[in-house]
Amino acid sequence: MALYEHVFLARQDMSAQQVDALVEQYKGVIEANGGKVGRVENWGLKSLTYRMKKNRKAHYALMDIDAPAAAVHEMERQMRINEDVLRYMTIAVEKHEEGASAMMQKRDRDDRPRRDGDDRGPRREFGDRPPRRDGDFQRAPRPAREA
């Protein structure tokens, strides 16, 4: 049997329990066709980059699947019919990831570079122009306008 990662997006007006019920429904389809579902992650309600079927947000869910291709095709066929599923994507993988997926890993703010300029190093000079000092800049007088 092949290994797959499957992500689907469900409508924004569904509750978390309804999304869990959808996951269980598709898990049953996979198991009925001779496969098994490993890790299941609910990524929660997230904003979409663009509107899909009049939805600005969607519930994201990930499933690690170990099943024959026919089981995955049947699950995708049922997702196409279901109006609650906005999009889905199934990818064949060599092996499943251990632990939490990248979406579930908490990003630590201390690891990010600071934006106040401490980590950038010295400023680079351009061409043969000397460094600019405060007060050096003076605007030339404007020529008189003729009417």
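Keep in mind it's a predicted model, so treat the numbers as computed, not measured.

A. Structural detail: the overall build of the protein chain. In terms of regular secondary structure, the protein chain is built from 2 helices and 4 strands. Residues classed as buried in the protein chain amount to 29% of the 147 residues present. Long-range pairs, those at least 24 residues apart, make up 75% of the contacts in the protein chain between residues at least 6 apart in sequence. Of the roughly 11800 Å² of accessible surface on the protein chain, 47% is carried by carbon and sulfur atoms.

B. Geometry of the packing of helix α1 (residues 16-32) against helix α2 (residues 69-81). Contact geometry for α1 and α2: axes closest at 8 Å, N-to-C directions at 145°. Note on packing geometry: the crossing formed by α1 with α2 is right-handed. Of α2, the residues touching α1 (which contributes Gln25, Tyr26, Val29 and Ile30) are Ala71, Val72, Glu74, Met75, Gln78 and Met79. Residue classes in the contact of α1 with α2 are distributed as 7 nonpolar, 2 polar and 1 charged.

C. Structural detail: the sheet that holds strand β4 (residues 85-93). Across the sheet, which stays open at both edges, the 4 strands sit in the order β2-β3-β1-β4 with antiparallel pairing between neighbours. Each edge of the open sheet is held by one strand with a lone partner, namely β2 (36-52) and β4. Here the average twist between neighbouring strands, direction ignored, is 20°. With respect to the sheet, α2 is in contact with β1 (2-11), β3 (55-67) and β4, its orientation differing from that of β4 by roughly 165°.

D. Quick look at the pairing of β3. Buried residues dominate β3, accounting for 11 of its 13 residues. Where β1 lies against β3, 10 bridges are found, and the strand directions are antiparallel. What sits directly across from Ala2, in β3, is Ala67. Both β2 and β3 contribute to a ladder of 10 bridges, which runs antiparallel. Along β3, the bridge assignment pairs Val37 with Ile65.

E. View of the pattern of salt bridges. Applying the stated criterion across every chain, the model contains 5 salt bridges. Across the salt bridge formed by Arg39 and Glu41, the nearest N and O atoms sit 3.6 Å from each other. Accessibility expressed as a relative area gives 8% for Glu41, which makes it buried. Here Asp64 ties to Arg39 by a salt bridge, and the two come within 3.0 Å at their closest N and O atoms. With Asp64 in strand β3 and Arg39 in strand β2, this pair connects stretches of sequence that are 25 residues apart.

Quick notes on the rules
- Residues numbered from 1 in each chain as written.
- Predicted model: local features only at pLDDT ≥ 70, side-chain atom pairs only at ≥ 80, totals over all residues.
- Heavy atoms only, no water.
- Helix = DSSP H or I, 4+ residues; strand = E, 2+ residues; numbered from the N terminus.
- Buried < 20%, exposed > 50% of the residue type's maximum accessible area, 1.4 Å probe, protein only.
- Contact = heavy atoms within 4.5 Å.
- Areas by Shrake-Rupley, 256 points an atom, 1.4 Å probe, with all protein chains shown as cover.
- Axes fitted to C-alpha atoms, helices over the stretch in contact; angles between N-to-C directions.
- Left-handed = near helix turned anticlockwise from the far one by under 90°.
- Nonpolar A, V, L, I, M, F, W, Y, C, P; charged D, E, K, R; others polar.
- Pairing = 2+ DSSP bridges.
- Salt bridge = Lys/Arg side-chain N within 4 Å of Asp/Glu carboxyl O.

The values reported here are purely geometric and, on their own, carry no functional implication.
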